[in-house]
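Geometric and topological summary
Spelled out, the chains give:
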Amino acid sequence: MLPILSSVMVFSFFINLAMFVSPLYMLQVYDRVLSSRSEGTLIALTVIASVLLLSYGLLEMARARILVRAGILFDEKMARVTFEAVHRAILNKPDASLAQGLRDVDSLREFMTGPGLIAFCDVPWFPVFVFGSFLLHPLYGWIAIVGGLIIFGLTLTNELLTKHGLTEASIANVRAAQRANAIFRNAEVLQAMGMLDALQITWSGVHQQHLGWQANASDRASVLISATKFFRLFLQTVILGTGGYLCINNEISAGAIIAGSILIGRALQPMEMMVGNWRGFVAARVAYKRLTSLFDLAGTNASRMSLPRPAGDLKVDGIFVSSPGNQTLILHGLSFALPAGEMLCIVGPSGAGKTTLARVLVGVWPIKSGSLRLDGYDLSQWDVRDLGPHIGYLPQDVELFSGSVAQNISRFQPAESAQVIVAAKLAGCHEMIQLLQEGYNTQIGDGGQALSGGQRQRVALARALFGSPSLVVLDEPNSNLDSAGEEALIHALQELKAHGTTVVLVTHKISILATADRILVMVGGTVQTCGPRDEILGQLTTPKVVPPANQSPGNPARVTA
Ligand code: ADP
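The paragraphs below set out a description of the structure included in this document. (Residues numbered from 1 in each chain as written. Predicted model: local features only at pLDDT ≥ 70, side-chain atom pairs only at ≥ 80, totals over all residues. Heavy atoms only, no water.)

1. Things to note about the overall build of the protein
The condition is simple: Numbering goes from the N terminus for both helices and strands, where a helix is a DSSP run of H or I of at least four residues and a strand is a run of E of at least two. What the globule rule says is 2.2 Å times the number of residues to the power 0.38, and the radius of gyration is computed from C-alpha atoms. Only the protein chains shown count as cover for residues, with accessible areas throughout obtained via the Shrake-Rupley method and a probe of 1.4 Å. In summary, the charge assignment counts Lys and Arg as positive and Asp and Glu as negative, without counting His or the chain termini. To locate a charge, the coordinates of NZ of Lys, CZ of Arg, CG of Asp or CD of Glu are taken.
Looking only at helices and strands, the protein features 20 helices and 12 strands. Taking 24 Å as the expected radius of gyration for a compact globule of 561 residues, we find that the protein reaches 35 Å, considerably beyond that expectation. Working note: accessible area of the protein is about 28,400 Å², and carbon and sulfur atoms make up 61% of it. Taken as two groups, the 42 positive and 41 negative side-chain charges of the protein have centres that lie 5 Å from each other.

Now the structure itself:
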């Protein structure tokens, strides 16, 4: 970026030099041509001026094109790292507004490649024009300085008066957009229960705040922008009037009146452009600040060692976990071990921390203390990109992405159709997908053909099983399944066991427990009991141990058939 910016500065130097062409031409025409009445001189001067102005035009074009390239380069460098930073930041602190980071990169790029930056590049040439004005007449020099200072003062006042309002307006705008998105995501609930009006009021409140702050800033800015316009016209009159006065007193020539007017006009032009583009500058500054805090929150993506494909041996030792950005502990010193190739079922009452444990096992939520080892390596030692293909994860709330069924199953990686079909067959959803309108090419997700809850869950199971992962973590994979789907799931679990895949499964159904090697019963964020299936099943089905209904931490889990 720096070489590009310095070449923009160099171009700006020559462009600003070319600004002297018109005033010098004026001076020569008035002072030489008119007095000598020489047509030859006029033609020669006009040809020279035209060539110089043509070069000016070409330089302007080149500068604009360099800035466009700079914009593309900036985007190439920033967009990807920002995308990854947004992802990491959201994992560290779940907050949808962090996605604003991508729009912030756009705001910065727009400012850096638009008239805003050009104005800032031209401002340093102000003293050069002032010097030229002094050469014409010292009074012109002083007019340029005082005029420049007043315009700069007006810009500064504008900044001080509108900064707070514009920042608040921008924050409220992001909040309103976020709220509207959340409302529309749940459109069906709003429709069914007539909640639209009530929720519209909550959106409208934030939207009004945005408009209020915006109006407040615009009101203040309009006074200053009008004052600047008035001052600009007034200054023009002062320059011409001063020229007339100096000419009457024979201190300057008639040509210098026009030349002075052009020169001071050029000196003040970048100042005025700065006033005009101040809002873009403020937006870029806010975007820059937000991006800095986004990158702080995201932390660095330390490059880690590439480790071999894990066999799937899990060891969890005294882990304490809270949700990201929160201090309240959900898991309290939980420990268990699962040898590679075995299947563990986690059961327990709602709120026991089963989903939290599933998230921790796949590295989505960090642990506060304790250790979680896969094949003896701490999970944090694995590079996520390396480890990802060896992990299969089916979360409770299944989200599929916009794309075809095949792309969703293959995790959007380039893959052979055969691999996709293997995963779908393993998950028992091959026939179901064949029956879709366009089979594996059916578009799902945003605007695509909708799948039923059970179908989504089965496609997501195929995604989890794609590429023969070593460790598969399934969080209530049967919550939306019919009996056929459940049978397919049990078959898939048996296949996984036959392949030697380590499986961790959160469930409430006793039918699934029959396939498990081990069962872990969780209560209140800790292990109540953990051991071989038959032993634990024996405990759970003994009437003395099975509690009647509602569970509370400290009570054993209840398993339903
Ligand atoms: P289970 O899966 O056993 O029903 P969870 O792991 O979902 O239990 O939740 C355990 C506890 O963690 C609950 O008390 C819940 O309030 C809390 N919890 C779950 N998810 C979050 C979250 N994203 N942020 C804060 N707390 C959470």
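2. Some points on the site of the ligand
Rules: A single heavy atom is enough: if one lies within 4 Å of a molecule or strand, its residue is considered near that molecule or strand. Under the rule applied, a polar contact is a pair of N or O atoms within 3.5 Å (in protein, one hydrogen donor and one hydrogen acceptor; residues adjacent in sequence only if both atoms are side-chain atoms).
Around the ligand, the neighbouring residues are Ser323, Ile330, Pro349, Ser350, Gly351, Ala352, Gly353, Lys354, Thr355, Thr356, Arg359 and Trp365. Here a nitrogen atom of the ligand sits 3.3 Å away from a polar atom, N or O, in the side chain of Ser323. Between the ligand and the protein, one listed contact pairs an oxygen atom with a side-chain N or O atom of Lys354 at 2.9 Å. In the complex, the protein chains occlude 59% of the 560 Å² of accessible area that the ligand would expose alone. Take the shell around the ligand: its biggest share by element is four residues, from helix α12 (residues 354–361).

3. Points about the pattern of salt bridges
Stated precisely, the cut-off is as follows: Within this document, salt bridges are pairs made up of a side-chain nitrogen of Lys or Arg and a carboxyl oxygen of Asp or Glu, the two lying within 4 Å of each other. Buried residues are those whose accessible area, probed at 1.4 Å on protein chains only, stays under 20% of the maximum for their type, while exposed residues exceed 50% and partly exposed ones sit between those limits.
In the structure shown here, the tally under the stated rule is 10 salt bridges. Where Glu60 meets Arg63, a salt bridge forms, and the shortest distance between an N and an O atom there is 3.6 Å. Separated by three residues within a single helix, Glu60 and Arg63 lie in helix α3 (residues 39–92), roughly one turn from each other. The exposure class of Glu60 is partly exposed, given its relative accessible area of 26%. Across the salt bridge formed by Asp104 and Arg290, the nearest N and O atoms sit 2.9 Å from each other. Within this pair, whereas Asp104 is found in helix α4 (residues 100–113), its partner Arg290 is found in helix α11 (residues 278–298), the two being separated by 186 residues in sequence. Since its relative accessible area comes to 1%, Asp104 is described here as buried. Through salt bridges with shared partners, a single network forms among Glu60, Arg63 and Asp122.

4. Let's talk about the sheet that holds strand β9 (residues 471–475)
This is how the line gets drawn: The pairing criterion for strands is at least two bridges between them, as found by DSSP. Geometry is summarised by axes, namely lines fitted to C-alpha atoms with helices restricted to the contacting stretch, and by angles between N-to-C directions that run from 0 to 180 degrees.
The six strands are arranged β6-β9-β10-β3-β11-β12 in an open sheet whose pairing can be described as mixed. The sheet terminates laterally at β6 (391–394) and β12 (526–532), the two strands that pair on one side only. Adjacent strand axes in the sheet meet at a mean angle of 15°, parallel and antiparallel pairs treated alike. Sheet topology places strand β3 (residues 343–347) next to strand β11 (residues 518–523); four bridges connect them, and they run parallel.

5. So, a nonpolar patch on the surface
To keep it simple, the criterion reads: Like-charged residues within 9 Å of one another, or nonpolar side chains (Val, Leu, Ile, Met, Phe, Trp, Tyr) within 5 Å, are grouped into patches, provided each residue has over 30% relative accessible area and no salt bridge.
Taken together, the side chains of Val10, Phe13, Phe14 and Leu17 define a hydrophobic patch exposed on the protein surface, amounting to about 340 Å² of accessible area. The residue Phe14 is located in helix α1 (residues 2–18) in this model.

6. Examining unusual backbone geometry
A negative phi holds for most residues other than glycine; trans holds for most peptide bonds. Notably, Arg411 is not glycine yet its phi reads approximately 60°, a positive angle. Considering the arrangement of structural elements, one finds Arg411 in the loop between α14 (405–409) and α15 (417–426). Even without glycine at this site, Phe412 takes up a positive phi of about 65°. Positionally, Phe412 belongs in the loop between α14 and α15. With relative accessibility at 39%, the residue Phe412 sits in the partly exposed group.

7. Some remarks on the packing of aromatic side chains
As a reminder of what qualifies: Side-chain rings of Phe, Tyr and Trp (the six-membered ring for Trp) are treated as a pair once their centres are within 6.5 Å; stacked means planes under 30 degrees apart, edge-to-face means over 60, and tilted covers the remaining angles. Only when the NZ of Lys or the CZ of Arg is both within 6 Å of the ring centre and within 35 degrees of the ring normal is a charge said to sit over the ring.
Per the stated rule, a full pass over the model turns up seven aromatic pairs. When the centroid spacing of 5.1 Å and the interplanar angle of 20° are considered together, the rings of Phe20 and Phe129 count as stacked. In this pair, Phe20 sits in the loop between α1 and α2 (21–36) while Phe129 sits in helix α6 (residues 126–136), placing the two residues 109 residues apart along the sequence. According to the relative accessible area criterion, Phe20 is buried, its value standing at 17%. Aromatic side chains Phe230 and Phe234 sit 5.7 Å apart centroid to centroid with 15° between the ring planes, which places their arrangement in the stacked category. You can see Phe230 and its partner Phe234 sitting in helix α9 (residues 196–248), four residues apart, about one turn around the helix. Overall, the relative accessible area of 54% leaves Phe230 in the exposed class. Taken together, the ring pairs connect Phe13, Phe14 and Trp125 into an aromatic cluster. The lysine or arginine in question, Arg359, covers the ring of Trp365, its NZ or CZ lying 4.4 Å from the ring centre.

Note that all results are geometric; they support no functional claim without further evidence.
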